[in-house]
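Below, each chain spelled out in residue letters.
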Amino acid sequence: MTVKADATTDAGDRLAEPLGGSANGSSWALDRSAPRRPEARRRPSRTYAALDLGTNNCRLLIAEPAHFGFRVVDAFSRIVRLGEGLGLGNRLSDGAIERTLDALSVCREKMAAKDVRRARLVATEACRLAENGPAFVERVRDELDLELEIVDRKTEAYLAVTGCASLVDPKAHSVIVFDIGGGSTEIAWLDGQAPHAYDDPCKRIRAWDSLPVGVVTLAERHGGIDVTPESFEGMVEEVSELLMDFALVAAQAGRAQNFHLLGTSGTVTTVGGIHLGLARYDRRRVDGMWMRHGEISTVMQRLLHSNFRQRAENPCIGKERADLVLAGCAILEAIRRAFPSERLRIADRGLREGMLMKMMREDSVWRGGSQR
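Just so it is clear, the model here is predicted, and its values are computed rather than measured.

(A) Layout of the overall build of the protein. A count of helical and extended segments in the protein gives 12 helices and 12 strands. Burial statistics for the protein: of 372 residues in total, 56% are counted as buried. Here the analysis covers contacts within the protein between residues at least 6 apart in sequence; of these, 76% occur between residues at least 24 apart.

(B) Main features of the environment of Gly234. Structurally, the position occupied by Gly234 is in helix H6 (residues 229–249). For the pair Gly234 and His222, spaced 12 residues apart in the sequence, the C-alpha separation amounts to 8.0 Å.

(C) Up close: the sheet that holds strand E3 (residues 57–66). Spatially, five strands are ordered E4-E3-E2-E5-E6 in an open sheet, and the strand pairing comes out mixed. Two strands in the sheet have a free side with no partner beyond their single neighbour: strand E4 (69–79) and strand E6 (149–150). Both E3 and E4 contribute to a ladder of 10 bridges, which runs antiparallel. Its bridge partner lying in E4, Cys58 is registered against Arg78. Along the sheet, helix H1 (residues 94–113) makes contact with strand E2 (48–53), E3, E4 and strand E5 (118–123), crossing E4 at roughly 155°. Sheet strands in contact with helix H12 (residues 351–362) are E2, E3, E4 and E5, and its direction is about 145° off that of E2.

(D) Representation of the side chain of Arg81 in the model. You can see Arg81 is positioned in the loop between E4 and H1. What makes Arg81 buried here is its relative accessible area of 17%.

(E) Expanded view of the pairing of strand E10 (residues 260–264). Judged by how many residues are buried, E10 sits mostly within the fold: five of five residues are covered. Two elements, strand E7 (residues 174–180) and E10, share five bridges in a ladder whose sense is parallel. Counted as the bridge partner of Val177 is Leu262 from E10.

(F) Region of the structure containing the packing of aromatic side chains. Scanning all chains against the criterion turns up two aromatic pairs. Pairing Tyr158 with Trp208 gives two aromatic rings, centres 6.4 Å apart and planes at 90°, and the pair type is edge-to-face. Taken together, the residues Tyr158 in helix H4 (residues 153–164) and Trp208 in strand E9 (residues 205–211) connect sequence positions 50 residues apart. With respect to burial, Tyr158 and Trp208 carry one shared label: buried. Where Phe246 meets Phe339, the ring centres are 5.8 Å apart and the plane angle is 65°; that geometry is what we call edge-to-face. Of this pair, Phe246 sits in helix H6 while Phe339 is found in the loop between helix H11 (325–338) and strand E12 (343–347), placing the two residues 93 residues apart along the sequence. The pair formed by Phe246 and Phe339 is uniform in burial state, with each residue classed as buried.

(G) Fine view of the pattern of salt bridges. Tallied over the entire structure, the rule returns 29 salt bridges. A salt bridge links Glu143 to Arg139, with the shortest nitrogen-to-oxygen separation between them at 2.7 Å. Remark: Arg139 and Glu143 occur in helix H3 (residues 133–144); sequence separation between them is four residues, near one turn of the helix. What makes Glu143 partly exposed here is its relative accessible area of 48%.

(H) Here's a closer look at the side chain of Thr155. You can see Thr155 is positioned in helix H4. Look at Thr155 and you get buried, because its relative accessible area is 2%. Looking at Thr155, its side chain comes within polar contact range of the side chain of Asp152, at 2.6 Å.

(I) Seen up close, unusual backbone geometry. The residue Arg81 is not glycine, and still its phi comes out positive at about 50°. At Asp145, a residue that is not glycine, the phi angle is positive and equals roughly 55°. Its location among the elements puts Asp145 in the loop between H3 and E6.

(J) Region of interest: the packing of helix H5 (residues 215–222) against H11. For the pair H5 and H11, interaxial distance at closest approach is 8 Å and the crossing angle is 105°. Taken together, H5 and H11 sit at an angle that is classed as roughly perpendicular. Of the residues in H11, those in contact with Val215, Leu218 and Ala219 of H5 are Ala327, Gly328, Ala330 and Ile331.

(K) Structural view of the environment of Ala157. As for its placement among the helices and strands, Ala157 is situated in helix H4. A relative accessible area of 3% means that Ala157 is categorised as buried. As for Ala157 and Cys202, which are separated by 45 residues in sequence, their C-alpha atoms are 9.6 Å apart.

(L) Geometry of H4. The end-to-end C-alpha distance of H4 is 17 Å, a good match for the 16 Å that 12 residues give at a rise of 1.5 Å each. Among the 12 residues of H4, 10 are classified as buried, and the element is accordingly described as predominantly covered. Those residues of H4 that fall on the buried side of the exposure criterion are Thr155, Glu156, Ala157, Tyr158, Leu159, Ala160, Val161, Thr162, Gly163 and Cys164.

What counts, and where the lines are drawn
Residues numbered from 1 in each chain as written. Predicted model: local features only at pLDDT ≥ 70, side-chain atom pairs only at ≥ 80, totals over all residues. Heavy atoms only, no water. Helix = DSSP H or I, 4+ residues; strand = E, 2+ residues; numbered from the N terminus. Buried < 20%, exposed > 50% of the residue type's maximum accessible area, 1.4 Å probe, protein only. Contact = heavy atoms within 4.5 Å. Pairing = 2+ DSSP bridges. Axes fitted to C-alpha atoms, helices over the stretch in contact; angles between N-to-C directions. Phe/Tyr/Trp six-rings, centres within 6.5 Å; stacked < 30°, edge-to-face > 60°. Salt bridge = Lys/Arg side-chain N within 4 Å of Asp/Glu carboxyl O. Polar contact = N/O pair within 3.5 Å; in protein donor to acceptor, adjacent residues only side chain to side chain. Parallel < 35°, antiparallel > 145°, perpendicular 65-115°, else oblique. Expected span 1.5 Å × (residues − 1).

So yeah, pure geometry; function would need other evidence.
See below:
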C-alpha cells in the first residue's frame, strides 16, 4: 500500500476535484418539462442537493445557502446494502441493485419537488470495486435520468474532511479525521491550526489514505452476528495492518498541541448515542459531542458483551445495523490504537455536507470572508 502524503506547500495540489462529470459537478437529468407544484414556480430556486451512495446507505441532503453555511430543507436516508457480498465477490447483486434503484427513485422525486438547481450525486466504494459498477451507473441513468459520479478515493477523503472540518477544535494544532464507511475507511491528517473559519480545510491535509475495508466488508469476512472477543481482535488486527503505512507517515500528529480525533460515520454516532443513553437517536445531541477515551472503551465493551438480539433492540442501532456495529467498532479501535487521544469529537455529517459546501463555494453564494 502506498500512503498518499500531501506535504507540499502548493495548495492546488491538495484540492480534491471531481473524477468525472462537468466542471461544476455531476448533473442530474430529470425531465424539467414535467408538471411542477405551483409553489415551486413562484421564486427562483437556490436549492442544492448532495447524494452519497455508499456500500451500505443511500443518503440525500437538500439545502439552501444561509449565512456561511446552509439550511437543510429536506433529507433522506435508507439502508440499501448495495455492496452486500462484495467482501466475498466482485459483483453487485440483483437484489442490492433493485433496493438501491427504489431508494434513488425516492431521491429523484424529492429533488424534483424542491426544484433543485444544482446537484452532485456520488457513488463510492461499492461501485468502485464491483465489476458491474459502471453498468449499474448506466442503468441509473437510463431508468431514472440521474447521473451518478463514481468518485475516486482521494475525492471521497477530501469531501469527508470538508463536510466535518467545522467541528475541529480551533485550538488544535493537529487532528486525525476519519470516515468509517461500508466498504472503505477514509482517514486524513490535518496539520496546523485553521487560519480562518472561511478557509478551505483541505489545504491543511498533510497526508491521507483510503483503507479498503468498511463495516460491511469486514463483517462479511469475520462475521457480524456472533462476535467474540477473539474474533473482534482479529478484525482490529486486520485493520491495524492496513493502517500501518498511514500511521507511520502521520506519526507526529499526536504530539501536537490539543491533538484530537474527529470521526464521522454511523459507528461513531452510534457510540455517542449509546453513551448518552438515548431512547431514540437524536442528531442534535450527538453531532458535535465530545467523548473521552474511557467513555468510548466502556461503550465498546458493552457492545462486545451483548448478543445480536440485544444490539438489535438498542434504539441507536436497530436490526438493520446490529450485524455491522462491532465491525465498525473494530475499525474505530484500530484508529484509536494507532493515534491515542483522550478526546474524540463525533460528527453526524460528512460527504453530503462536503459536497454542498464545495458547490456553494464554487458559486460564491456567501458574501464576506474568502467568498468575496
